[in-house]
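Structural features, examined
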Amino acid sequence: MKVSNHQSLSCFNTLAINAIAPKIIELESISDLSLVDDIDLKSAYVLGEGSNTLFVDTQTPVIIKPAFTGIELNEHEEYTELEVKAGENWHQLVLTTIDKGLGGLENLALIPGSVGAAPVQNIGAYGVEFSDFCRYVKWFDFTTKQVVKISNRDCQFGYRDSIFKRSLKDKGLIVSVGLILSKRWQPKLTYAGLDDLDKTSSAKTIMDRVIEIRSAKLPNPNHLANAGSFFKNPVVDSSVLSELERKYDNVPNYPISDTEVKLAAAWLIDKSGLKGYRLGDAATHEKQALVIVNHGNASGKDIVDLASYIKTTVFQHFGVMLEHEVRFIAKDGETSLVQLEREQTND
Ligand code: EPU
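Residues numbered from 1 in each chain as written. Predicted model: local features only at pLDDT ≥ 70, side-chain atom pairs only at ≥ 80, totals over all residues. Heavy atoms only, no water.

**Considerations on the pairing of strand 11 (residues 147–151)**
Basically, it comes down to this: Pairing between two strands is assigned when DSSP locates at least 2 bridges connecting them. Here a strand is any run of E in DSSP of at least two residues, a helix any run of H or I of at least four, and the numbering for each starts at the N terminus.
Of the pairings in the sheet, the one linking strand 10 (residues 134–141) to strand 11 comprises five bridges and is antiparallel in character. Bridged to Tyr-136 within strand 11 is Ser-151. The hairpin turn running from strand 10 into strand 11, its antiparallel successor, is five residues long, and Lys-145 in that turn takes a positive phi close to 60°.

Here it is in structure tokens:
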């Protein structure tokens, strides 16, 4: 276990926000958990690679970083089973599986972050989600100090959502994930950008295409600080889409049910005139309006102000309320844009 006090987190979050952690506890093995004080366990924020986190204050809670690594593989007749420790890098895992000739994760290539963070927001891209492959998640409970296995069903996966963001929030941490990759692999090529690929394409060819698309549209956090899609794609009543289609051609949308559709938040922000919009060092990306970038010295507050401006402007234009996908962490724990806006009004 490595402990450091009073340390800047600017290298520990991909938005490069310079917030100070009172303590960072890096766990090298699961047994390290028994060495952590109860007070720290119960007040800490568990941070993976910081690619979906916005520190909104100049101070943060105590940070626990699981750094356990290791990949175990078990071959079965119909599938390959993997158990992967939380501290592994997600994209490296995708590369490793493809390298071993195991198809399945190719559409999820180049998603930043750790394996332990993948179930929390049920990462997804190009028509595929983490939950499609997850058999279980191993979870260390801070109260019982036991590791339990949570089945896919009990993880309550949804669109960028899971039990780990809800009833299990702050109650423990993910130790490892169990994945199943079927030997009867089928390519998933329905999403725009992959739909022109040959139906007989290999998983490696699909992965290379995903890497190509993502590299062209999404900024690499090592070169331009960002946390991927900042807002979720909003689910609205179909009547909202009909209204939009009266004014615009080709409104991107994905059907959810007979009465609901998902709109593209990127399109709504873009059409509100905010693509590339800059407020100090915080800005929307010039090639993907859904990505908020830090051009240098933006503080957490600067990013919050821009997010609030985007939310208000999109609402004024379209009557659609955006919700952030990125998690907002204040000095005493998780908060939200709605809560911060409320606090500002009350000041
Ligand atoms: N669009 C615009 N303006 C833009 C960008 C996009 O009008 O500036 C339009 C596009 O033309 C397209 C639509 O918006 O019709 C959707 O854009 P895109 O295909 O780039 O995907 P997205 O909905 O913005 C989602 C995920 C991404 C994931 C991609 C690909 C969410 C919130 N985001 O983005 O995930 O990589 O699909 O599957 O669901 C992430 O979560 O961090 C992330 C990057």
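**Topic: the sheet that holds strand 18 (residues 282–284)**
The strands making up a sheet are joined through hydrogen bonds of the backbone, oriented either antiparallel or parallel. This is how it is decided: In what follows, residue pairs with any heavy atoms lying within 4.5 Å of each other are defined as contacts. Think of each axis as a best-fit line through the C-alpha atoms, taken over the contacting stretch in the case of a helix, with angles from 0 to 180 degrees between the N-to-C directions.
Spatially, the four strands line up as an open sheet ordered 13-19-18-17, and their pairing is antiparallel. Of all strands in the sheet, those bounded by a partner on one side alone are strand 13 (225–229) and strand 17 (278–279). When strand 13 meets strand 19 (residues 291–294), the two strands line up antiparallel, connected through three bridges. Paired with Ala-225 across the two strands is Asn-294, which belongs to strand 19. Contacts from helix 6 (residues 300–318) reach strand 17, strand 18 and strand 19, with the element oriented near 35° to strand 18.

**Considerations on empty space enclosed by the protein**
So the rule is basically this: Cavity means a closed set of points on a 1 Å grid over the protein atoms alone, one where a 1.4 Å probe fits but cannot get out, pocket means an open set with protein on both sides within 12 Å along at least 5 of 7 lines, and lining means a residue has an atom within 4 Å of a point. Grid points are joined across faces, edges and corners, and a volume is the space filled by probe spheres set on the points. Throughout, the ten residues Ala, Val, Leu, Ile, Met, Phe, Trp, Tyr, Cys and Pro are labelled nonpolar, Asp, Glu, Lys and Arg are labelled charged, and all others, Gly among them, are labelled polar. Domain borders in the structure are assigned automatically or taken from a domain database.
If you walk through the whole model with that rule in mind, you get one cavity of 30 Å³ or more. Looking at the largest cavity, its volume works out to about 480 Å³. Elements supplying a minimum of two residues to the lining of the largest cavity: strand 3 (45–46) and strand 12 (172–182). Among the residues making up the lining of the largest cavity, the classes are represented as 16 nonpolar, 11 polar and four charged. Each of domain 1 (2–66) and domain 2 (71–212) contributes no fewer than three residues to the lining of the largest cavity.

**Comments concerning the packing of aromatic side chains**
This is how the line gets drawn: By convention, a stacked pair of Phe, Tyr or Trp rings (six-membered ring in the case of Trp) has centres within 6.5 Å and planes under 30 degrees apart, an edge-to-face pair has planes over 60 apart, and any other such pair is tilted. Only protein chains enter the area calculation, which uses a 1.4 Å probe; residues under 20% of their type maximum are buried, those over 50% are exposed, and those in between are partly exposed.
Taken as a whole, this structure holds 13 aromatic pairs when the rule is applied. Considering the side-chain rings of Phe-230 and Phe-328, the 5.9 Å spacing of their centres and the 65° angle between planes classify their relative orientation as edge-to-face. Note that Phe-230 is positioned in the loop between strand 13 and strand 14 (235–237) and Phe-328 in strand 20 (residues 327–330), a separation of 98 residues in sequence. A relative accessible area of 0% means that Phe-230 is categorised as buried. Exposure remark for Phe-328: the relative accessible area of 0% places this residue in the buried category.

**Examining the sheet that holds strand 16 (residues 260–263)**
Strand order across the open sheet formed by three strands is 14-16-15, with antiparallel pairing between neighbours. The strands lining the two open edges of the sheet, one partner per strand, are strand 14 and strand 15 (253–255). For this sheet the average axis-to-axis angle between neighbouring strands, irrespective of direction, equals 40°. As paired elements, strand 14 and strand 16 share three bridges and run antiparallel to each other. Residue Val-235 lies in a different strand from strand 16, and its bridge partner there is Lys-262.

**Brief notes about the layout of surface pockets**
Estimates place the volume of the largest pocket at around 1,100 Å³. What lines the largest pocket is a set of 39 residues, and nearest its centre among them are Ala-125, Arg-160, Tyr-191, Ser-229 and Asn-233. Sorting the residues of the lining of the largest pocket by element identifies strand 8 (124–125), strand 9 (128–129), helix 3 (203–217), strand 13 and helix 5 (265–271) as the ones contributing at least two each. Of the residues that constitute the lining of the largest pocket, the class distribution is 20 nonpolar, nine polar and 10 charged. As a volume, the second largest pocket reaches approximately 540 Å³. In this structure, the second largest pocket is lined by 26 residues; those nearest its centre are Thr-14, Pro-112, Asn-220, Pro-221 and Asn-222. With three residues, the top contributor of residues to the lining of the second largest pocket is strand 13. Of the residues belonging to the lining of the second largest pocket, the class tally is 10 nonpolar, 13 polar and three charged.

**Some points on helix 2 (residues 90–99)**
Keep this limit in mind: The arc in question is the one spanned by the directions pointing from the helix axis to the C-beta atoms. Between N or O atoms, a polar contact is any pair within 3.5 Å; within protein, one atom must be a potential hydrogen donor and the other a potential acceptor, and residues adjacent in sequence are included only when both atoms are from side chains.
Buried within helix 2 are the following residues: Trp-90, His-91, Leu-93, Val-94, Thr-97 and Ile-98. In an axial view of helix 2, the angular spread of the buried residues amounts to 155°, which keeps them on one side of the axis. Where helix 2 is buried, its residues touch strand 6 (71–75), strand 7 (79–85), strand 12 and helix 3. The distance from a side-chain oxygen at the start of helix 2 to the backbone nitrogen of His-91 is 3.1 Å, and the residue carrying that oxygen is Asn-89. Count one or two residues on from helix 2 and you reach Gly-101, which has phi positive near 80°.

**Topic: the domain arrangement of the protein chain**
Keep this limit in mind: Buried area, as used here, totals the accessible surface that two parts lose on assembly, with accessibility defined by a 1.4 Å probe and the loss added over both.
Domain boundaries assigned for the protein chain yield domain 1 (2–66), domain 2 (71–212) and domain 3 (223–346). For domain 2 and domain 3, the distance between their C-alpha centroids amounts to 26 Å. With eight residues of domain 2 in contact, the opposing surface of domain 3 contributes seven residues. Buried surface at the junction of domain 2 and domain 3, summed over both partners, amounts to about 710 Å²; 45% is from carbon and sulfur atoms.

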